[in-house]
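Coordinate inspection notes
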Amino acid sequence: MSSLSIPERIGLFPRGLEQPSGSYRSGSDAIILAEFALQSQAIRSGQRTFAELGCGCGMASLALLLRNAALQGWGLDCFSELTDAAARNAVKMGCSDRFAAVCGDVADTSLMQKMRRLRYAVDLVLCNPPWRLEKNGRLPLSPMRRQALFGNEETLLLFCRAGRILLRPQGAFCMICGAFRTADAFAALRNAGLTPVRLRAVQKSMDAPARWILLEARSGGGSMLCVEPPLLSERQ
């Protein structure tokens, strides 16, 4: 547990977090995702457990934990350098008793099933998957940055399937991705057995096109899709 007070810990967040050299520099997208997840039906109804897929240095998870002291969860990433940094960041933020970081691959179905058994099903899964396509754009030289940013046509589905395994019935799956992948995100959710229930676009201004979308889906079915007003964010 950190010896810093809560205001001091919040003052260090996110600028004081450790982010390994060569990794994707988590920023406003992680904060926006966490804020969206805090408004999910699962959290608003008092549910308390979560998992983050592709957690990186733990920024989105730590944002959840700092905003809601009742939450506890774990994060998964395929690079041990990142899960080690996430664990150290949790100590720095005074959240190590409510967060664990696990090194593993979302494509490993047996690992997802094992994590469900070991840590029980969770109420919330959140993720910022690598939604850029490998065939579009210049690939970063760093493996950590490349893995965080670029995937293929199956990547979104892999994250959605992993989330579906981990979620308890009526649990919430929250994700952020590029707006141009909206149709692919909906298809991946439905193919994984998750029902979209909430959609919000992230824009720089009301007359600007959306850069990101935020999606909440539910395991075990759900109500009709709610399209929320755009979130205006200059930091994109």
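Please refer to the structure placed before this passage.
Calculation criteria
- Residues numbered from 1 in each chain as written.
- Predicted model: local features only at pLDDT ≥ 70, side-chain atom pairs only at ≥ 80, totals over all residues.
- Heavy atoms only, no water.
- Helix = DSSP H or I, 4+ residues; strand = E, 2+ residues; numbered from the N terminus.
- Rg over C-alpha atoms; globule rule 2.2 N^0.38 Å.
- Contact = heavy atoms within 4.5 Å.
- Areas by Shrake-Rupley, 256 points an atom, 1.4 Å probe, with all protein chains shown as cover.
- Lys, Arg positive; Asp, Glu negative; His and termini not counted.
- Charge placed at Lys NZ, Arg CZ, Asp CG, Glu CD.
- Buried < 20%, exposed > 50% of the residue type's maximum accessible area, 1.4 Å probe, protein only.
- Phe/Tyr/Trp six-rings, centres within 6.5 Å; stacked < 30°, edge-to-face > 60°.
- Lys NZ or Arg CZ within 6 Å of the ring centre and 35° of its normal.
- Arc of directions from axis to C-beta.
- Axes fitted to C-alpha atoms, helices over the stretch in contact; angles between N-to-C directions.
- Parallel < 35°, antiparallel > 145°, perpendicular 65-115°, else oblique.
- Left-handed = near helix turned anticlockwise from the far one by under 90°.
- Nonpolar A, V, L, I, M, F, W, Y, C, P; charged D, E, K, R; others polar.
- Pairing = 2+ DSSP bridges.
- Right-handed = clockwise from strand over helix to strand, strands pointing away.
- Core = buried A, V, L, I, M, F, W, Y, C linked by side-chain atoms within 4.5 Å.

**Comments concerning the overall build of the protein chain**
Across its full length, the protein chain holds 9 helices and 11 strands. Rg of the C-alpha trace for the protein chain: 17 Å, near the compact-globule value of 18 Å for 236 residues, within the 12% margin. Seen along its three principal axes, the alpha-carbon backbone of the protein chain occupies a region of about 45 × 40 × 35 Å. A fraction of 75% describes how many contacts in the protein chain between residues 6 or more apart in sequence connect residues 24 or more apart. Roughly 11000 Å² of accessible area belongs to the protein chain as shown, and the carbon and sulfur atoms make up 52% of that amount. Positive and negative side-chain charges in the protein chain, numbering 29 and 20 respectively, have mean positions lying 3 Å apart.

**With respect to the environment of alanine 51**
Take alanine 51: it is sitting in strand β1 (residues 49-53). Taking the relative accessible area as the measure of exposure, alanine 51 reaches 0% and is therefore buried. Taking the C-alpha atoms as reference points, alanine 51 and alanine 121, 70 residues apart in sequence, are found 9.4 Å from one another. In this structure, alanine 51 is in contact with Trp74, Val122, Leu124, Val125, Leu126 and Leu166, ignoring residues within four places of it in sequence.

**Description of the packing of aromatic side chains**
The tally for this structure, following the rule as stated, stands at 1 aromatic pair. Between the aromatic rings of tryptophan 131 and phenylalanine 180, the centroid separation amounts to 5.9 Å while the plane-to-plane angle is 70 degrees, which identifies the pairing as edge-to-face. Within this pair, whereas tryptophan 131 is found in the loop between β4 (122-127) and β5 (132-133), its partner phenylalanine 180 is found in the loop between β7 (167-178) and α9 (182-191), the two being separated by 49 residues in sequence. In this structure, arginine 132 packs its charged tip against the face of tryptophan 131, placed 4.1 Å from the ring centre. Positioned above the aromatic ring of phenylalanine 36, the side-chain terminus of arginine 198 is 3.7 Å from the ring centre.

**Remarks on α9**
Listing the buried residues of α9 in full gives Ala185, Phe186, Ala188 and Leu189. Seen along its axis, α9 keeps its buried residues to an arc of 165 degrees; they face one direction. Exposed and facing more than 90 degrees away from the buried side of α9 are Ala183, Arg190 and Asn191. Immediately beyond the C-terminal end of α9, within one or two residues, lies glycine 193, with a positive phi of roughly 85 degrees.

**A short note on the packing of helix α8 (residues 155-166) against α9**
Viewed as axis vectors pointing N to C, α8 and α9 meet at an angle of 40 degrees, and their least axial separation amounts to 8 Å. Taken together, the axes of α8 and α9 lie oblique to each other. For α8 against α9, the interelement crossing comes out right-handed. On the side of α8, the interface is formed by Leu156, Leu157 and Cys160, while α9 contributes Asp184, Ala185, Ala188, Leu189 and Asn191. Of the residues belonging to the contact of α8 with α9, the class tally is 6 nonpolar, 1 polar and 1 charged.

**Focus: unusual backbone geometry**
Phi at tyrosine 120 takes a positive value of approximately 65 degrees, unusual for a residue other than glycine. In this structure tyrosine 120 comes out as exposed when scored by relative accessible area, which is 62%. One non-glycine residue, glutamine 170, lies in the positive phi region at around 70 degrees. With respect to the helices and strands, the residue glutamine 170 is situated in strand β7.

**Regarding the pairing of β1**
Counting buried positions over the 5 residues of β1 gives 4, a clear majority of the element. Pairing between β1 and strand β2 (residues 72-77): 5 bridges, direction parallel. Bridging from a neighbouring strand, alanine 51 pairs with tryptophan 74 of β2. In this region the chain leaves β1, passes through helix α4 (residues 59-67) and returns to the parallel neighbour β2; the handedness of that crossover is right-handed.

**Some remarks on the nonpolar core**
A general tendency of soluble globular proteins is for nonpolar side chains to be buried together. In terms of nonpolar packing, the biggest core is built from 68 residues, with Leu53, Leu64, Leu124, Leu166, Phe173 and Met175 touching the most fellow members. Filtering out sequence-adjacent residues up to four positions away, leucine 124 remains in contact with Ala37, Ser40, Ile43, Thr49, Phe50, Ala51, Leu64, Leu167, Ala172 and Cys174.

**Topic: the packing of helix α2 (residues 28-38) against α4**
Here α2 crosses α4 at 45 degrees, and the two axes come no closer than 8 Å. As summarised for this structure, α2 and α4 are arranged oblique, according to the angle between their axes. In this structure, α2 meets α4 at a crossing whose hand is right-handed. Here Ala30, Ile31, Ala34, Glu35, Ala37 and Leu38 of α2 come into contact with α4, specifically with Met59, Ala60, Ala63, Leu64 and Arg67. In the contact of α2 with α4, the residues fall into 9 nonpolar, no polar and 2 charged.

By themselves, these are just geometric observations and shouldn't be taken as functional.
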